[in-house]
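Each chain, letter by letter, is given below.
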There are 2 protein chains.
Amino acid sequence: MVCNCKVINFSKMGSDMGFLVPVEAEKDIPFKIKRIYYISDVPNDVTRGFHSHRYLEQVLICVSGSVKILVNTPFEEEVVELNQSDKGLYIGHMVWREMFEFSEDAVLLVLASEYYSEDDYIRDYNDYKNEAVKYFER
Amino acid sequence: MVCNCKVINFSKMGSDMGFLVPVEAEKDIPFKIKRIYYISDVPNDVTRGFHSHRYLEQVLICVSGSVKILVNTPFEEEVVELNQSDKGLYIGHMVWREMFEFSEDAVLLVLASEYYSEDDYIRDYNDYKNEAVKYFER
């Protein structure tokens, strides 16, 4: 797996009454949850993301449908398909991400370690590459 | 609205690239998020819930599909339909809740103020009623 990323498998409790997946902050995931957001109604041919964060950590969970996540650094890259509601993708510092091939029913839930801060985004890939090369070569 | 409950309308940012709804802890909702869970694949004829919490606060959001939530105390009751991803139902202390008529595609996301604690549940309605009468008559 790409550096600063990992797949987290959550427990899924269920029966013929439905399924429930719990996620506890600082237990099932390695940070406090200061913010969540969810993305839906993304056309299949649209790719979102195209940024990295310096300090923000996130866990992405596809709670309905499926989506593919490209995570990369200047040194490695991987595509992770999220298609089960008990599977999360942790993305830590300085990882570039793109989300694509959202299924029609996809809802992507994101748990985030910090409040929204535009200063923490790196949105230009060349800027990202320069900063990330230094970061990962520490 | 039933005492200790309120509807919260979140901002929804969107375009033809899809929609995004952000929820920040202690800003858009009145507590820290220690735990989240999501419920899916509930048959339409199943009702879930049937409990109250003494201290836990929650916000329920239907991020896909629709579901109805009955909230009641010994003194009042109301049914709230959650059918938009930018609408949340805050449920505070000592409110009995039942969730029913889940649509086939329903995913109910719950944001909770505390870690799971079985001690905080009241699952017997008579026990609830006795305790809640005292609580609400304070």
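Read on for an overview of the structure. Since the model is a prediction, treat every value here as computed from it, not as a measurement. (Residues numbered from 1 in each chain as written. Chains lettered and ligands numbered in written order. Predicted model: local features only at pLDDT ≥ 70, side-chain atom pairs only at ≥ 80, totals over all residues. Heavy atoms only, no water.)

### Examining unusual backbone geometry
All names here are of chain A.
Next up, step 1: Even without a glycine there, the phi angle at Asn4 is positive, about 70°.
Next up, step 2: The residue Asn4 is located in the segment before strand 1 (5-9) in this model.
Next up, step 3: By relative accessible area, Asn4 is classed as partly exposed at 25%.
Next up, step 4: In this structure, Phe50 is a non-glycine residue whose phi angle is positive, near 60°.
Next up, step 5: Inspection of the secondary structure assignment puts Phe50 in strand 5 (residues 48-53).
Next up, step 6: By relative accessible area, which is 37% here, Phe50 ends up partly exposed. (Helix = DSSP H or I, 4+ residues; strand = E, 2+ residues; numbered from the N terminus. Buried < 20%, exposed > 50% of the residue type's maximum accessible area, 1.4 Å probe, protein only.)

### Quick look at the interface of chain B and chain A
Next up, step 1: Taken together, the contacts link 36 residues of chain B with 36 residues of chain A.
Next up, step 2: Of the roughly 3,000 Å² buried at the junction of chain B and chain A (both faces included), carbon and sulfur atoms supply 56%.
Next up, step 3: Per-residue buried area on chain B facing chain A is highest for Met17, Tyr38 and Tyr115 of chain B; these three make up 22% of the total on that side.
Next up, step 4: In this structure, the connection of chain B to chain A is made through two salt bridges.
Next up, step 5: With a closest N to O distance of 3.1 Å, Glu24 of chain A and Arg35 of chain B form a salt bridge.
Next up, step 6: For the pair chain B and chain A, the interface holds 18 residue pairs in polar contact (both at pLDDT 80 or more).
Next up, step 7: Those elements that place two or more of their residues in the side of chain B that touches chain A are strand 3 (18-24), strand 4 (35-40), strand 6 (58-64) and strand 11 (107-112) of chain B.
Next up, step 8: The greatest single-element share of the side of chain B that touches chain A, amounting to seven residues, is contributed by strand 3 of chain B.
Next up, step 9: Residue composition of the side of chain B that touches chain A, grouped by class: 23 nonpolar, five polar and eight charged.
Next up, step 10: Sheet analysis places strand 3 (residues 18-24) of chain A next to strand 4 of chain B, joined by six bridges and oriented antiparallel. (Contact = heavy atoms within 4.5 Å. Buried area = accessible area lost by both parts, 1.4 Å probe. Salt bridge = Lys/Arg side-chain N within 4 Å of Asp/Glu carboxyl O. Polar contact = N/O pair within 3.5 Å; in protein donor to acceptor, adjacent residues only side chain to side chain. Nonpolar A, V, L, I, M, F, W, Y, C, P; charged D, E, K, R; others polar. Pairing = 2+ DSSP bridges.)

### Let's talk about empty space enclosed by the protein
All names here are of chain B.
Next up, step 1: Taken as a whole and assessed by the stated rule, the structure comprises one cavity of 30 Å³ or more.
Next up, step 2: Reported here for the largest cavity is a volume of approximately 30 Å³.
Next up, step 3: Taken together, Tyr37, His51, Gln58, Leu60, Arg97 and Met99 make up the full set of residues lining the largest cavity.
Next up, step 4: The set of elements that each furnish at least two residues to the lining of the largest cavity consists of strand 6 and strand 10 (96-100). (1 Å grid on protein atoms, 1.4 Å probe; cavity = no way out; pocket = protein on both sides within 12 Å on 5 of 7 lines; lining within 4 Å. Points joined across faces, edges and corners; volume = space filled by probe spheres on them.)

### A look at the sheet that holds strand 9 (residues 87-91) of chain A
Next up, step 1: In space, the seven strands of this open sheet follow the order 1(A)-9(A)-6(A)-11(A)-4(A)-3(B)-2(B), with antiparallel pairing throughout. The open sheet has two edge strands with one neighbour each: strand 1 of chain A together with strand 2 (13-15) of chain B. Across the sheet, the mean angle from the axis of one strand to that of its neighbour is 20°, orientation sign disregarded.
Next up, step 2: As paired strands, strand 6 (residues 58-64) of chain A and strand 9 of chain A are joined by four bridges and run antiparallel to one another. Directly across from Leu60 of chain A, in strand 9 of chain A, lies its bridge partner Leu89 of chain A. (Axes fitted to C-alpha atoms, helices over the stretch in contact; angles between N-to-C directions.)

### With respect to the layout of surface pockets
Next up, step 1: Reported here for the largest pocket is a volume of approximately 380 Å³.
Next up, step 2: Forming the boundary of the largest pocket are 18 residues, of which Ile39, Arg48, His51 and Arg123 of chain A together with Leu20 of chain B lie nearest the centre.
Next up, step 3: If you list the elements that add at least two residues to the lining of the largest pocket, you get strand 4 (35-40) and strand 5 of chain A together with strand 2 and strand 3 of chain B.
Next up, step 4: Per-class residue counts for the lining of the largest pocket are eight nonpolar, six polar and four charged.
Next up, step 5: There is about 290 Å³ of room inside the second largest pocket.

So far we have only geometry, and geometry alone does not tell us how the molecule works.
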